[in-house]
Amino acid sequence: MEISLRRWLDHSLPNTMNLIEHKVHCPYCAESIVVLIDNTIESQQYIEDCQVCCRPILFDVSTSFDGEIDVTVRHENE
Ligand SMILES: [Zn+2]
């Protein structure tokens, strides 16, 4: 009985998104900010404004086969 309930819960969870929280330090103001990263994408580069100083941070994200992410942040014009 318990097992079938758990199975039903697993199936009810949305699996279209796979966002994980990652903490980085802003290259401008050095504040730590939390960003959501999609680890289903092997390699991605995008710009997101810092939540503290609002300056554009360039994110360079790579994901290994086991879902481990590696995030590098840089100044936009570096
Ligand atoms: Zn900042």
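1. Some words on the overall build of the protein
So, point 1. What the protein contains, in helices and strands, is 1 helix and 5 strands.
So, point 2. Starting at the N terminus and ending at the C terminus, the protein contains elements arranged as α-β-β-β-β-β.
So, point 3. Taking all 78 residues of the protein together, 4% fall into the buried category.
So, point 4. Counted over contacts in the protein with a minimum sequence separation of 6, partners at least 24 positions apart contribute 29%.

2. A word on unusual backbone geometry
So, point 1. One non-glycine residue, Ala30, lies in positive phi territory at about 65°.
So, point 2. Even without being a glycine, Cys54 presents a positive backbone phi close to 65°.

3. A look at the pairing of strand S4 (residues 56-63)
Each regular strand shows side chains that alternate between the opposite faces of the sheet.
So, point 1. Note: strand S3 (residues 43-49) against S4, 7 bridges, orientation antiparallel. Paired with Glu48 across the two strands is Ile57, which belongs to S4.
So, point 2. Here S3 folds back onto S4 in antiparallel fashion, the turn holding 6 residues, of which Cys54 has a positive phi close to 65°.
So, point 3. Bridging between S4 and strand S5 (residues 69-75) involves 7 bridges; their strand directions are antiparallel. Paired with Ile57 across the two strands is His75, which belongs to S5.
So, point 4. Hairpin connection, S4 to S5: the antiparallel pair is bridged by 5 residues, and Gly67 has positive phi, about 90°.

4. Comments concerning the environment of Asp49
So, point 1. Looking at where Asp49 falls in the secondary structure, it is placed in strand S3.
So, point 2. On the basis of neighbour count, Asp49 is assigned to the exposed category, with 12 C-beta atoms found within 10 Å.
So, point 3. For Asp49, the contacting residues outside a window of four places in its chain are Cys54, Arg55 and Pro56.

5. Digging into the sheet that holds S5
So, point 1. Spatially, the 3 strands line up as an open sheet ordered S3-S4-S5, and their pairing is antiparallel. Each having just a single partner strand, S3 and S5 make up the two edges of the open sheet. Between one strand axis and the next, the sheet turns by 25° as a mean value, whatever way the strands run.

6. Looking at the confidence of the model for the protein
So, point 1. Mean pLDDT over the protein works out to 85, with 77% of the residues at or above the 70 mark.
So, point 2. Per-element averaging of pLDDT across the protein places helix H1 (residues 2-12) at the bottom with 57 and S4 at the top with 96.

7. Quick notes on the environment of Ile20
So, point 1. Mapped onto the secondary structure, Ile20 falls in strand S1 (residues 19-25).
So, point 2. Judged by C-beta crowding, with 12 C-beta atoms within 10 Å, Ile20 ranks as exposed.
So, point 3. The spacing of Ile20 and Leu36 is 16 residues in sequence and 5.4 Å in space, taken between C-alpha atoms.

What counts, and at which threshold
- Residues numbered from 1 in each chain as written.
- Predicted model: local features only at pLDDT ≥ 70, side-chain atom pairs only at ≥ 80, totals over all residues.
- Helix = DSSP H or I, 4+ residues; strand = E, 2+ residues; numbered from the N terminus.
- Buried ≥ 20, exposed ≤ 12 C-beta atoms within 10 Å, placed from the backbone.
- Contact = placed C-beta atoms within 7 Å.
- Pairing = 2+ DSSP bridges.
- Axes fitted to C-alpha atoms, helices over the stretch in contact; angles between N-to-C directions.
- pLDDT = per-residue confidence, 0-100.

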